[in-house]
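Chain by chain, the residues:
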Amino acid sequence: MVKHYFSIGEVAKLFNLSVQALRLYDQLGIVKPSYVNEDNGYRYYTLDQFTLLDFLKVCKASQVPLKEIKEILDQPLTVEHTKQLLQTQENILAEQIASLTEVKNGIARKRGDIERWQERLPQCITVLQLPERRIAQKRVQISSEVAFELMYRELLLTFDKTPSFLSFQTGVITSRQAWLDRNECTTTHMFVTYHEEVPEGFEKATIPEGTFLSLIIEDSYLNYMTYYEQLRSYVEKNGIEPLGELYELYVMSLPGTEKNGGKDKTLWELQVQINPLTLSLQ
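Conventions adopted
- Residues numbered from 1 in each chain as written.
- Predicted model: local features only at pLDDT ≥ 70, side-chain atom pairs only at ≥ 80, totals over all residues.
- Heavy atoms only, no water.
- Helix = DSSP H or I, 4+ residues; strand = E, 2+ residues; numbered from the N terminus.
- Rg over C-alpha atoms; globule rule 2.2 N^0.38 Å.
- Contact = heavy atoms within 4.5 Å.
- Areas by Shrake-Rupley, 256 points an atom, 1.4 Å probe, with all protein chains shown as cover.
- Lys, Arg positive; Asp, Glu negative; His and termini not counted.
- Charge placed at Lys NZ, Arg CZ, Asp CG, Glu CD.
- Buried < 20%, exposed > 50% of the residue type's maximum accessible area, 1.4 Å probe, protein only.
- Polar contact = N/O pair within 3.5 Å; in protein donor to acceptor, adjacent residues only side chain to side chain.
- Phe/Tyr/Trp six-rings, centres within 6.5 Å; stacked < 30°, edge-to-face > 60°.
- Pairing = 2+ DSSP bridges.
- Axes fitted to C-alpha atoms, helices over the stretch in contact; angles between N-to-C directions.
- Core = buried A, V, L, I, M, F, W, Y, C linked by side-chain atoms within 4.5 Å.

Caption draft 1: Up close: the overall build of the protein. Helix and strand counts for the protein come out as nine helices and 11 strands. Taking 19 Å as the expected radius of gyration for a compact globule of 282 residues, we find that the protein reaches 30 Å, considerably beyond that expectation. Along the first, second and third principal axes, the C-alpha set of the protein runs to 100 × 45 × 35 Å. Put simply, 72% of the contacts in the protein that link residues at least 6 apart link residues at least 24 apart. Here the protein displays about 17,200 Å² of accessible surface, and carbon together with sulfur accounts for 54% of that area. Here the protein contributes 30 positively and 38 negatively charged side chains, and the mean placements of these two sets differ by 4 Å.

Caption draft 2: Local environment of the environment of Glu-10. With respect to the secondary-structure elements, Glu-10 resides in helix 1 (residues 8-14). With relative accessibility at 39%, the residue Glu-10 sits in the partly exposed group. The sequence separation of Glu-10 and Tyr-45 amounts to 35 residues, and the corresponding C-alpha distance is 9.2 Å. A polar side-chain atom of Glu-10 sits 2.8 Å from the main-chain amide nitrogen of Ser-7.

Caption draft 3: Summary view of the packing of aromatic side chains. Counted under the stated rule, the structure contains 10 aromatic pairs. With centroids separated by 5.1 Å and ring planes inclined at 50°, the aromatic side chains of Phe-6 and Phe-50 adopt a geometry described as tilted. Linking Phe-6 in strand 1 (residues 6-7) with Phe-50 in helix 3 (residues 50-61), this pair joins segments that are 44 residues apart in sequence. Classification of Phe-50 as buried rests on a relative accessible area of 17%.

Caption draft 4: Broad picture of the sheet that holds strand 9 (residues 210-219). Ordered in space as 4-9-11-10-6-7-5-8, the eight strands form an open sheet in which the pairing is antiparallel. Of all the strands in the sheet, just strand 4 (125-130) and strand 8 (203-207) have a single pairing partner and so form its edges. Averaged over all neighbouring strand pairs, the angle between strand axes comes to 35°, with direction disregarded. As paired strands, strand 5 (residues 133-139) and strand 8 are joined by five bridges and run antiparallel to one another. Within strand 8, the residue paired with Arg-133 across the bridge is Ile-207.

Caption draft 5: Structural context of the nonpolar core. Of all hydrophobic cores here, the largest spans 33 residues; its most connected members are Trp-179, Met-190, Leu-213, Leu-231, Trp-268 and Leu-270. Looking at this core, the elements with two or more residues in it are helix 6 (145-157), helix 7 (176-180), strand 7 (187-193), strand 9, helix 8 (224-237), strand 10 (242-254) and strand 11 (265-274). Broken down by element, the residue count for this core peaks at six residues, all from helix 8. Those residues in contact with Trp-179 that lie beyond four places of it in its chain are Thr-174, Tyr-228, Leu-231, Arg-232, Val-235, Pro-242, Leu-246 and Val-272. Judged by nonpolar contacts, the second largest core, of 21 residues, contains Phe-6, Phe-15, Ala-21 and Tyr-25.

Caption draft 6: Seen up close, the sheet that holds strand 3 (residues 43-45). Here we have three strands laid out as an open sheet, ordered 1-3-2, and antiparallel in their pairing. Of all strands in the sheet, those bounded by a partner on one side alone are strand 1 and strand 2 (35-36). Here strand 1 runs beside strand 3; their pairing, made up of two bridges, is antiparallel. Looking across to strand 3, one finds that Phe-6 is bridged to Tyr-45.

See below:
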């Protein structure tokens, strides 16, 4: 019986594969053409290879890596083996979907943070009623801006390898008295909001429910003392009683480029809980 040969282009069309993919399958030894014209190097395939190509399409649609496909084809292939292969790949994809869903939710939370930040005027102090918020905090001793940056990078490294990295909000805590006394190196804790497990090396804590003064900022973080002073002056001028620590919550950083003057900016917020009765006396 005379064999009918199909060109690589014809096979690519029949199986919705690219010519480049078929060439790669040849190089990897997954599907080698039945015949190669020695004069021009053209590859040709036969009908008895179509079953293998059908199997490859299933593996490709299931996102099985080519290396694994090669290993599978190098051993006897049974129905049971194929079922186990697909079950394994289904489990892998389920994990990937869960991971991507977590990333998607983190992006939505980050976008929501930015939208809420945009709803309020930068450098303006407002009064907010806020619910209790769970945080995981770590005590730190800050002696300089360099030490602060290094510790903050260490904090981020705890989370940046997890899919939920975008879901977390980070910040620092400054003691009430140190803030009021104008002490520059006053950070006592770094913290991160959390939804499930507390990371190793951190302790559970809460930002209490209550009335807060809030100041949102879009500026270089190097100017942080300017905004400490703005919030402190507002409290003193208006006779408002701070009840707790000063919280800094970071939204995101914007690197300087030629288009924006080359100045780095950080979007962040200062919050301090206050006695609402002293607020009402104004």
